[in-house]
Amino acid sequence: MLVRDILSTKGTIVHHCSPEDTLADVADLMVGHNIGSLVVMQDDDMVGIITERDILRACSATRGPLEFLKVSERMTRCPVVASPGDEVADVMCLMTERRIRHVPVVEGGRLVGIISIGDTVKAQNDELCRENHYLKSYIQS
Ligand code: AMP
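This section reports on the structure supplied with the text. (Residues numbered from 1 in each chain as written. Predicted model: local features only at pLDDT ≥ 70, side-chain atom pairs only at ≥ 80, totals over all residues. Heavy atoms only, no water.)

### Observations regarding the overall build of the chain
Stated precisely, the cut-off is as follows: Starting at the N terminus, helices and strands are each numbered in turn, a helix being any DSSP run of H or I of at least four residues and a strand any DSSP run of E of at least two. Each residue is assigned to one of three classes by its accessible area relative to the maximum for its type, calculated with a 1.4 Å probe on protein chains only: buried under 20%, partly exposed between the two thresholds, exposed over 50%. In what follows, a contact means two residues having at least one pair of non-hydrogen atoms within 4.5 Å. Accessible areas in this description were obtained via Shrake-Rupley with a 1.4 Å probe; residue shielding takes into account the shown protein chains only. Working convention for charge: Lys and Arg count positive, Asp and Glu count negative, and His plus the chain ends are omitted. To locate a charge, take atom NZ for lysine, CZ for arginine, CG for aspartate or CD for glutamate.
A count of helical and extended segments in the chain gives six helices and six strands. Overall, the chain shows an N-to-C arrangement of helices and strands of α-β-α-β-β-α-α-β-α-β-β-α. A principal-axis box enclosing the C-alpha atoms of the chain has dimensions of 65 × 35 × 30 Å. For the chain, the proportion of its 141 residues judged to be buried stands at 34%. Taking as baseline every contact in the chain between residues at least 6 positions apart, the subset at least 24 positions apart corresponds to 57%. Roughly 8900 Å² of accessible area belongs to the chain as shown, and the carbon and sulfur atoms make up 52% of that amount. Across the chain, 15 positive and 21 negative side-chain charges occur, with their mean positions spaced 6 Å apart.

### Quick word on the pattern of salt bridges
For clarity, the threshold we go by: When a carboxyl oxygen of Asp or Glu is within 4 Å of a side-chain nitrogen of Lys or Arg, the pair counts as a salt bridge.
Evaluated as defined, the whole model comprises five salt bridges. With its nearest N and O atoms 3.6 Å apart, the salt bridge here joins K70 to E20. Within this pair, whereas K70 is found in the loop between α3 (52-62) and α4 (71-74), its partner E20 is found in the loop between β1 (16-17) and α2 (23-33), the two being separated by 50 residues in sequence.

### Some thoughts on the sheet that holds strand β2 (residues 37-42)
We apply this condition: DSSP calls a pair of strands paired once it identifies at least 2 bridges connecting them. Orientation is described by lines fitted to C-alpha atoms, with helices fitted over the stretch in contact, and by angles between N-to-C directions that extend from 0 to 180 degrees.
The strand order β1-β2-β3-β4 describes an open sheet built from four strands, whose pairing is mixed. Pairing within the sheet leaves two strands with one partner each, and these edge strands are β1 and β4 (76-77). Across six bridges, the pairing between β2 and strand β3 (residues 45-51) is antiparallel. In the sheet register, S37 faces β3, and the bridge partner there is T51. Sheet contacts for α3: β3 and β4; angle to β3, the most-contacted strand, approximately 60°.

### Concerning the packing of α2 against α3
Going by this rule: To sort the angles, those under 35 degrees are grouped as roughly parallel, those over 145 as roughly antiparallel, those from 65 to 115 as roughly perpendicular, and the leftovers as oblique. If you view the pair so one helix is near and one far, a crossing is left-handed when the near helix is turned anticlockwise from the far one by less than a right angle, and right-handed when it is turned clockwise.
Contact pair α2 / α3: the axes reach a minimum separation of 11 Å and the direction vectors enclose 140°. Taken together, α2 and α3 sit at an angle that is classed as oblique. Our pair here, α2 against α3, has a crossing hand that is left-handed. For the pair α2 and α3, the contacting residues are L23, V26, A27 and M30 in the first and E52, I55 and A58 in the second.

### Some points on the site of the ligand
Condition: Whether a residue is near a molecule or strand is decided by its heavy atoms; if any one of them lies within 4 Å of it, the residue is near. Counted as a polar contact is a pair of N or O atoms within 3.5 Å, where, for protein atoms, one must be capable of donating a hydrogen and the other of accepting one, and residues adjacent in sequence contribute only when both atoms are in side chains. Gly counts as polar in this scheme, as do all residues outside two lists: the nonpolar Ala, Val, Leu, Ile, Met, Phe, Trp, Tyr, Cys and Pro, and the charged Asp, Glu, Lys and Arg.
Lining the immediate environment of the ligand, one finds 14 residues, of which D54, T76, V80, R101 and H102 sit closest. A distance of 2.8 Å separates an oxygen atom of the ligand from a polar side-chain atom of T51. Coverage of the ligand by the protein chains reaches 93% of its 480 Å² of free accessible surface. The set of elements that each furnish at least two residues to the shell around the ligand consists of β3, α3 and β5 (102-107). Of the residues belonging to the shell around the ligand, the class tally is six nonpolar, three polar and five charged.

### Details of the side chain of H102
For H102, the location among the structural elements is in strand β5. H102 gets classed as buried once you look at its relative accessible area, which sits at 13%. Setting aside residues up to four positions removed in sequence, H102 forms contacts with G36, S37, I49, T51, M95, I114, I115 and S116.

Structure follows, in structure tokens:
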């Protein structure tokens, strides 16, 4: 199964924010969209990624209000990315090795989607269920 197969089901919308936004803005967006990460965009370029883990770290480090913390100070620059043609199993290995749960998908230098560890687990589970179904029908026929 390929990354593009996940995107064809879940869609290509990527929620994003700007480096100048505050962590309070980011928390509102994540809660509003029920997601755990935002890609950071400047003009049309992806300049980083910020996730719920970054907000947690900022809270622990500063114990101050999120309104005074800028995305640019807390985001991870140069995100690890995948291509639509990558195998989902390889992206799962990447996520495990790098200890990340979100991977933007880039094609020809353009951001075309994002997949989370939850998306990869769901895709793998769906595939196993399908295989199981066919094997059962084969045994019973
Ligand atoms: P996550 O497990 O995705 O919440 O992210 C854990 C940490 O890794 C946070 O500091 C993120 O900013 C960072 N991170 C998340 N996704 C990526 C990525 N694709 N590339 C590089 N760093 C990332």
